[in-house]
Amino acid sequence: MNALDLELERGDFALITGPNGSGKTTLLRLIAGLAAPTGGELEVDVPRAQIGFLAHEPLLYRELTAVENLDLYGRLYRVSERRERIGMLLERFGLWRVRAERAGSFSRGMLQRLALCRALLHEPELLLLDEPFNALDSEGAELLDRELSERRGSATFLVATHDPARIEPLASRRLALA
Amino acid sequence: MTAYAGDVLTLARKDLRLELRARDTVPAMVLFVVATLVVFHFALPAASGDLAAYGLLWVALIFTSLLGLVRGFAAERDQGLLDALVLAPVDRSTIWVAKALAMLAFLALAQAVALPAFALFFAGVSWETVAGVALADIGICTVGTLLAAMAAASRTRELLLPLLFLPLAIPIVVGGVGASVVEEPGRYLGFLAVYDAIFAIISWASFEYVVTE
Amino acid sequence: MSGGDYLAAAYLVVLLVILVYVVIIGLKLARLDRDLSALVELARRRIEAPASMQEEQREQEEREESRVG
Amino acid sequence: MERGADPRPARRAVDPLVAVPVLAVTLLGTAVGLVFFFAPVDADQGISQKIFYIHVPCALTAYACFAWGAWKAYLHLWKRTPGADMESYVAIHQGVIFGALTLLTGSIWAKASWGHWWVWSSRQLVLFLVLFLFYAAYFMLRFSIDPGPARANLSAVYAIFGVALIPVSFLAIRLAEDFVHPVVFKRSGPAMTGSMFLTFCVAWAGILALAAAFYHVELAGKRLDSRVRELRGLLR
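Residues numbered from 1 in each chain as written. Chains lettered and ligands numbered in written order. Predicted model: local features only at pLDDT ≥ 70, side-chain atom pairs only at ≥ 80, totals over all residues. Heavy atoms only, no water.

Turning to the confidence of the model for chain D, a few remarks are in order. Residues and elements named next belong to chain D. A residue-level look at chain D finds 90% of positions with pLDDT of 70 or above and a mean pLDDT of 87. Confidence, read as mean pLDDT per element, is least for helix α1 (residues 16-38) in chain D (90) and greatest for helix α2 (residues 52-79) (95). Predicted as a complex, the structure gets a pTM of 0.88 and an ipTM equal to 0.87. (pLDDT = per-residue confidence, 0-100. Helix = DSSP H or I, 4+ residues; strand = E, 2+ residues; numbered from the N terminus.)

Following this line, the structure appears as structure tokens:
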């Protein structure tokens, strides 16, 4: 990924586009603190507890159930009223009836929804979403649309995708990576 | 301190639940150690006596722990979950402490079968041996868990861990065998305790750099 | 083998290792020399040929690079 | 690179790439002279005792290289010093070279004085065998990870483990002697006369300078490699 400078304020909704391999994922990992920049400076004044990260991998334990997965992250992120919040999120994303099943038995789309629950669980200030819409079915995509438009303005977003049509109306900033 | 301990408990419980659910590490370790002891029976010529048997016990224990350690970060590595744990607002060394405790539990379970089996097949297991095994387990789990995280970050995972672990396990074997064989094993148990202390501190201080860039 | 032979053997081994090391460094210098001359060639062609012939240049360099590498 | 516009690399007061090899040559030259023409022949062991003047310095130099590698690893991890990872790698590479020399000269000396190529009761030899296994794994670790910050961190942590392992293994080997192999061949510490000690010190300084020379040459070689890569990138 070559040189780039990017300034984001609180409440921005940045849309990052670019072909595969243009560094979208690397940029998100850098901002999340999962990768170290080899040059230039990087300053993210958002504490780790306030970052929500949705990656290509769902970052969920296949052997644990949906509730157990969210409970694990809820404890690590010290989410208050954890049980209620998990129930509400699973409800919103249509996963309530499969809450006690192993994540390993979920379809790709259901896993993506559960991953979204994980990323939104602790009400992060900064949301880094890497290709959030892929593998979501139409119903899942509408749920995500609603979620994004509701939270727009109250949180800062960085959404990377290679088909921006769906998110275009929400975006306040655009960044095209070559 | 309680937040630290809380995170360790959360992560350790997750590892134990994963093992209960998948049940793939502990049974494999138990069968492996008993099978190894049986193989050693045939490997020991008649007149080799008890000393050789104790030596082989420790070889079996070291390689059984290797079997468990290789599985250590398997779930995290296969599903790329280390990113999630590193991203969580926890002190990164809690990941190491929790995984080391889980490994300790698995090792203890395997040895709960291995030591009686050894007593049955070969020679009596003295209290000093049990103390030696306990102290050695701590050393194995502290160093082994960190090396397992290192191996998980490399391309040749299962191949690399034994190479990284065995040189560091030599002092543990010396301490362990000494504790089981020598009349007054106090020095050897003390040595194992010193080993545990030194490498626990180094592992605790450097684990963060193993999982972050 | 008398004591003196062993003594000579020990010092010979050290000398051999030093010489092997010098040979390795020599090989590295030779490889660097080849790489640099290829790059000098590249630079000269880059200056002579205007940037517009960039694409055709690149294929030729690839072929040249694979031969050198 | 950091040298900015000045095309010719600034000439530091004394370029180690020249000074250190020169120092190594002079010291080693005098050392060899001293060993063969000045140091007295040992009363009971005879001429082969003179292997001591190369074997022990190599061992001490290997320790120094491993310690230097660990120091650079510490600087990389906790002080984020740029370039420390490469220096740690090169230092440990020197340590392994001199470790191998220690094993070779040690086994020759063992054959000369006890008739066996390998003797378990010589603690230093056994310790170097353990360290050799350990640092061989360091290179296996390094070659199984793609170059980048992760490889640097892991190598650094492992290098620090190595330097902690040296005293622990030495203690373990001493403790092991009671039950593994009752001490049969014990070489009493050579009662060094004045001239022997002088020869030993010059030999050690020479070997240390040699290691430093290798260290600087190899580092310069690695820097050249990265500059050529960078130039190739620019011309691409």
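Looking now at the interface of chain C and chain D. Chain C puts 26 residues into the contact, and the matching count from chain D is 30 residues. The contact between chain C and chain D buries some 2600 Å² in all, and 77% of this surface belongs to carbon and sulfur atoms. Among the residues of chain C in contact with chain D, Tyr6, Tyr11 and Tyr21 of chain C are the three that bury the most area, contributing 26% of the side total. Viewed at the interface, chain D and chain C are joined by three salt bridges. Arginine 232 of chain D is paired through a salt bridge with aspartate 35 of chain C; the nearest N and O atoms lie 3.7 Å apart. (Contact = heavy atoms within 4.5 Å. Buried area = accessible area lost by both parts, 1.4 Å probe. Salt bridge = Lys/Arg side-chain N within 4 Å of Asp/Glu carboxyl O.)

It is worth spelling out the packing of aromatic side chains at this point. Residues and elements named next belong to chain D. What the rule picks out here adds up to 28 aromatic pairs over all chains. Taking 6.2 Å as the distance between ring centres and 35° as the angle between the ring planes, the aromatic pair formed by phenylalanine 200 and tryptophan 204 counts as tilted. Taken together, the residues span about one helical turn, with phenylalanine 200 and tryptophan 204 both in helix α6 (residues 194-235) at a distance of four residues. According to the relative accessible area criterion, phenylalanine 200 is buried, its value standing at 9%. (Phe/Tyr/Trp six-rings, centres within 6.5 Å; stacked < 30°, edge-to-face > 60°. Buried < 20%, exposed > 50% of the residue type's maximum accessible area, 1.4 Å probe, protein only.)

Its location among the elements puts threonine 156 of chain A in strand β4 (residues 156-160). If we skip the residues at most four places from it in the chain, threonine 156 of chain A touches Glu9, Arg10, Gly11, Asp12, Glu125, Leu126 and Leu127 of chain A.

Before going further, it helps to spend a moment on unusual backbone geometry. Of note, the phi angle at glutamate 131 of chain A is positive, near 50°, even though the residue is not glycine. For glutamate 131 of chain A, the location among the structural elements is in the loop between β3 (126-130) and α5 (138-151). The phi dihedral of arginine 80 of chain D is positive, around 50°, even though this residue is not glycine. Along the chain, arginine 80 of chain D turns up in the loop between α2 and α3 (84-114).

Moving on, we come to the pairing of strand β1 (residues 13-17) of chain A. All names here are of chain A. Across the five residues that make up β1, a large majority, five, are buried. Every second residue of β1 is oriented toward a common face, with Phe13, Leu15 and Thr17 on one face and Ala14 and Ile16 on the other, all of them buried. Bridge analysis of β1 against β4 gives four bridges, and the strand direction is parallel. Bridging from a neighbouring strand, alanine 14 pairs with leucine 158 of β4. (Pairing = 2+ DSSP bridges.)

Okay, the interface of chain D and chain B next. Each partner contributes residues to the interface: chain D has 31 residues there, and chain B has 33 residues. Interface area for chain D against chain B, summed over the two sides, is near 2900 Å², with a carbon-plus-sulfur share of 79%. The three residues of chain D that bury the most area against chain B are Phe161, Leu175 and Phe179 of chain D, which together make up 23% of that side's buried surface. In this structure, aspartate 146 of chain D and arginine 155 of chain B form a salt bridge, with 2.4 Å as the shortest nitrogen-oxygen distance.

Residue and element names in this part refer to chain B. A surface patch of nonpolar side chains, about 340 Å² in accessible area, is lined by Phe32, Val59, Phe63, Leu67 and Leu166. Mapping valine 59 onto the fold places it in helix α3 (residues 49-70). Classification of valine 59 as partly exposed rests on a relative accessible area of 33%. (Patch = residues over 30% accessible without salt bridge, like charges linked within 9 Å, V, L, I, M, F, W, Y side chains within 5 Å. Areas by Shrake-Rupley, 256 points an atom, 1.4 Å probe, with all protein chains shown as cover.)

Further remarks concern the pairing of β3 of chain A. Residues and elements named next belong to chain A. For β3, the tally of buried residues reaches five of five residues, placing the bulk of the element in the interior. One ladder, built from four bridges, connects strand β2 (residues 51-54) with β3; its direction is parallel. Across the sheet, isoleucine 51 pairs through a bridge with leucine 126, a residue of β3. Pairing analysis gives five bridges linking β3 to β4, with the strands arranged parallel. Within the sheet, the bridge partner assigned to leucine 128 lies in β4 and is leucine 158. Between the parallel pair β3 and β4, the chain is carried across by α5, and the sense of this crossover is right-handed. (Right-handed = clockwise from strand over helix to strand, strands pointing away.)

Moving on to the environment of aspartate 33 of chain C. Residue and element names in this part refer to chain C. As for its placement among the helices and strands, aspartate 33 is situated in helix α1 (residues 3-48). For aspartate 33, a relative accessible area of 54% corresponds to the exposed category. Taking the C-alpha atoms as reference, aspartate 33 lies 21 Å from isoleucine 47; in sequence the two are 14 residues apart.

Residue and element names in this part refer to chain A. With parallel pairing, five strands are arranged side by side in an open sheet as β2-β3-β4-β1-β5. This sheet does not close on itself; its edge strands, each paired only once, are β2 and β5 (173-176). Averaged over all adjacent pairs, the angle separating strand axes in this sheet is 10°, with direction ignored. Relative to β5, β1 is paired through four bridges, and the arrangement is parallel. Bridged to isoleucine 16 within β5 is leucine 175. Against the sheet, helix α4 (residues 108-120) makes contact with β2 and β3, and its axis sits at roughly 165° relative to β2, the strand it touches most. (Axes fitted to C-alpha atoms, helices over the stretch in contact; angles between N-to-C directions.)

Here we take up empty space enclosed by the protein. Applying the stated criterion across every chain, the model contains four cavities of 30 Å³ or more. What the largest cavity holds in volume is close to 70 Å³. Forming the boundary of the largest cavity are Leu69, Val70, Phe73, Ala74, Arg77, Ala148, Ala151, Ala152, Arg157, Glu158 and Leu161 of chain B. Where the lining of the largest cavity is concerned, the elements lending two or more residues are α3, α4 (74-78), α7 (127-152) and α8 (157-181) of chain B. Looking at the lining of the largest cavity, its residues break down into eight nonpolar, no polar and three charged. Empty space within the second largest cavity amounts to approximately 50 Å³. Of all the elements in the fold, those that place two or more residues in the lining of the second largest cavity are α4 of chain A together with α5 (82-87) of chain B. (1 Å grid on protein atoms, 1.4 Å probe; cavity = no way out; pocket = protein on both sides within 12 Å on 5 of 7 lines; lining within 4 Å. Points joined across faces, edges and corners; volume = space filled by probe spheres on them. Nonpolar A, V, L, I, M, F, W, Y, C, P; charged D, E, K, R; others polar.)

Okay, the packing of α7 of chain B against helix α9 (residues 186-211) of chain B next. Residues and elements named next belong to chain B. At a closest axis distance of 9 Å, the pairing of α7 and α9 adopts a crossing angle of 20°. With respect to each other, α7 and α9 are oriented roughly parallel. The two elements α7 and α9 meet at a crossing, and its hand is left-handed. Where α7 abuts α9, its residues Glu128, Ala131, Gly132, Leu135, Ala136, Ile138, Gly139, Thr142, Val143, Leu146, Ala149 and Met150 lie against Leu189, Leu192, Ala193, Tyr195, Asp196, Phe199, Ala200, Ser203, Ser206, Phe207 and Val210. Among the residues making up the contact of α7 with α9, the classes are represented as 16 nonpolar, five polar and two charged. (Parallel < 35°, antiparallel > 145°, perpendicular 65-115°, else oblique. Left-handed = near helix turned anticlockwise from the far one by under 90°.)

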